[in-house]
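Topology and contacts: notes
The residues making up each chain are set out below.
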2 protein chains.
Amino acid sequence: MKIQVVKKVLNANNTIAEQNRKLFAEKKVFVINIMSSPGSGKTKVLEKTLELIKHKIKSAVIVGDVCTTNDADRLSKTGVKVIQVNTDEFGGDCHLAAHVIQKAASDMDLDAIDFLIIENVGNLVCPAEFDIGENARAVVLSTTEGEDKPLKYPLMFRVCDVALLNKIDLLPYLEFDKNTAIKNIQQIKPDMPIFEVSAMSGLGLEKWIKWIEDQIS
Amino acid sequence: MKIQVVKKVLNANNTIAEQNRKLFAEKKVFVINIMSSPGSGKTKVLEKTLELIKHKIKSAVIVGDVCTTNDADRLSKTGVKVIQVNTDEFGGDCHLAAHVIQKAASDMDLDAIDFLIIENVGNLVCPAEFDIGENARAVVLSTTEGEDKPLKYPLMFRVCDVALLNKIDLLPYLEFDKNTAIKNIQQIKPDMPIFEVSAMSGLGLEKWIKWIEDQIS
């Protein structure tokens, strides 16, 4: 019974996700969905990313959280258009769903942008199950979370197209084996591009920006 | 429709949770449910906790993950009985549910223990919604996750009885304002005991152990 209902919810979600994807294609907007654990540094990555691309690529952001507008407040300082979605208006959902993005997108001028970044709710499990109509998915894994996360949360790494290994500046202070983490990501998704970055210092972000530019063009 | 089904699932869960709680009370086992983001250091906290209490309190652990037996393998080295639950056997659930604990508990000799620690799936959203029949709930927040997590994930902090602020040894290397984090926890749950610890170095764990001992006695 429960599984059947979950399937129905996911099927309904996928139908709307396809509508979103069609709309984004018509409007020539490339959409990336960024996912991770809480506190991995998604928002900091986006702050730095927007600073680096905003003069080259017309961008906007939809940011999802259960509560607060903290992330939208931070990202708005870049001057880029940001829409905050709070899932507690949608039953406290632990992920962004396609209908939430559909509603947020209807409030945006999609003709004015070429690139839409969607920052998902911090959660390494549930967001991986929900197609929201994006063109690409990125996962951020921070060095402070341990090397084993790709093996413990394989679906997230399997559905993503690119991985950022963030907080690389903290390596000297951690018992974290970077090569094991990379090997674990590749065990789940061979050939996944993995960019080692520090959103705090800016280290390594140029390869990530290049990847984004290649995707859009 | 969806909300009604979710309510039914939660009601069914609560019924089994009460059965668990009754069983644990009959067997005089105190049960704590430990929750956090992925990578906050729950397992490391438990490794150190078990080393400090295992000669004083007869303990056992149920550890939940979507996949892998990594955590059980680590915790078993303490010599304490550990049962690993993989939720991918239960549809890849993003949390432990009461029926999962009921099954795991049926495989344990509850007469042989006084204290059961349940390490939940790493997720700051969903596990907060599921009563599993525990007597107390602990949340681990690590300094690397940022000060705002209590405000962004308020339900988790509201339902917990104690908070551990972990990875306190990393403070010199982070832009993390400890006092803001504590204020944010207290904004969600005034009077919550908050223990500043480093599971890596062992710093501060004695107050946490004392709190556990007070709960059990």
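First, a word on scope: everything that follows refers to the structure included in this document. Position labels on residues start from 1 in each chain and follow its written sequence. All chains are assigned letters beginning at A, and all ligands numbers beginning at 1, according to the order in which they are written. For a predicted model such as this one, the threshold for reporting local features is a pLDDT of at least 70, and the threshold for listing and counting side-chain atom pairs is 80 or more; totals across whole chains, interfaces and linings nevertheless cover every residue. Values shown for side chains rest on all heavy atoms present in the structure; no hydrogens or waters enter the calculation.

**Describing the side chain of E119 of chain A**
Residue and element names in this part refer to chain A. Put simply, DSSP H or I for four residues or longer makes a helix, DSSP E for two residues or longer makes a strand, and each gets a number counted from the N terminus. Here E119 is to be found in strand β4 (residues 115–119). For the buried residue E119, which engages in no salt bridge, the nearest side chain bearing the opposite charge is K42, 4.5 Å off. Counting of polar contacts relies on pairs of N or O atoms within 3.5 Å, with two restrictions inside protein: one atom must be capable of donating a hydrogen and the other of accepting it, and residues adjacent in sequence are counted only when both atoms are side-chain atoms. Of the polar contacts made by the side chain of E119, one reaches the side chain of T43; its length is 2.7 Å. Residue contacts are defined here by distance: any two heavy atoms, one from each residue, within 4.5 Å place the two residues in contact. Leave out the neighbours within four places in its chain, and E119 touches I34, K42, T43, L46, I62, V63, G64, D71, L75 and L96. Note on classification: 1.4 Å probe, protein chains only; a residue is buried when its accessible area is under 20% of the maximum for its type, exposed when over 50%, partly exposed between these limits. This count recognises Lys and Arg as positive and Asp and Glu as negative, with His and chain-terminal groups excluded. What makes a salt bridge here is a side-chain nitrogen of Lys or Arg within 4 Å of a carboxyl oxygen of Asp or Glu, nothing more.

**Describing the interface of chain B and chain A**
Contact residues are listed per partner, giving 36 residues for chain B and 36 residues for chain A. At the boundary of chain B with chain A, the tally comes to 4 salt bridges. Taking the shortest distance from any N to any O, the salt bridge between D71 of chain A and K152 of chain B comes out at 2.7 Å. At the surface where chain B touches chain A, the tally comes to 9 residue pairs in polar contact (both at pLDDT 80 or more). Where the side of chain B that touches chain A is concerned, the elements lending two or more residues are α1 (2–26), α3 (70–76) and α5 (149–152) of chain B. Three classes are used, and their members are as follows: Ala, Val, Leu, Ile, Met, Phe, Trp, Tyr, Cys and Pro are nonpolar, Asp, Glu, Lys and Arg are charged, and the others, Gly among them, are polar. When grouped by side-chain class, the residues that make up the side of chain B that touches chain A number 17 nonpolar, 8 polar and 11 charged.

**Let's talk about the sheet that holds strand β7 (residues 194–196) of chain B**
All names here are of chain B. A strand pair is defined by DSSP finding two or more bridges across the two strands. Overall, parallel pairing links the 7 strands, which are arranged β3-β2-β4-β1-β5-β6-β7 in an open sheet. Among the strands making up the open sheet, the edge pair consists of β3 (81–86) and β7. Across the sheet, the mean angle separating the axes of adjacent strands is 20 degrees when strand polarity is ignored. Pairing of strand β1 (residues 30–36) with strand β4 (residues 115–119), which is carried by 5 bridges, proceeds in the parallel orientation. Bridging across to β4, I34 finds its partner in E119. Geometry is summarised by axes, namely lines fitted to C-alpha atoms with helices restricted to the contacting stretch, and by angles between N-to-C directions that run from 0 to 180 degrees.

**As for unusual backbone geometry**
All names here are of chain A. The residue T68 is not glycine, and still its phi comes out positive at about 75 degrees. Within the secondary structure, T68 sits in the loop between β2 (59–65) and α3 (70–76). For T68, a relative accessible area of 19% corresponds to the buried category.

**Considerations on the sheet that holds strand β7 (residues 194–196) of chain A**
Residue and element names in this part refer to chain A. Overall, parallel pairing links the 7 strands, which are arranged β3-β2-β4-β1-β5-β6-β7 in an open sheet. Here the strands that pair on one side only, and so sit at the sheet edges, are β3 (81–86) and β7. Neighbour-to-neighbour, the strand axes of the sheet open up by a mean angle of 20 degrees, direction not taken into account. Against the sheet, helix α2 (residues 42–53) touches β1 (30–36), β2, β4, β5 (136–142) and β6 (162–166), its axis set at about 165 degrees to β4.

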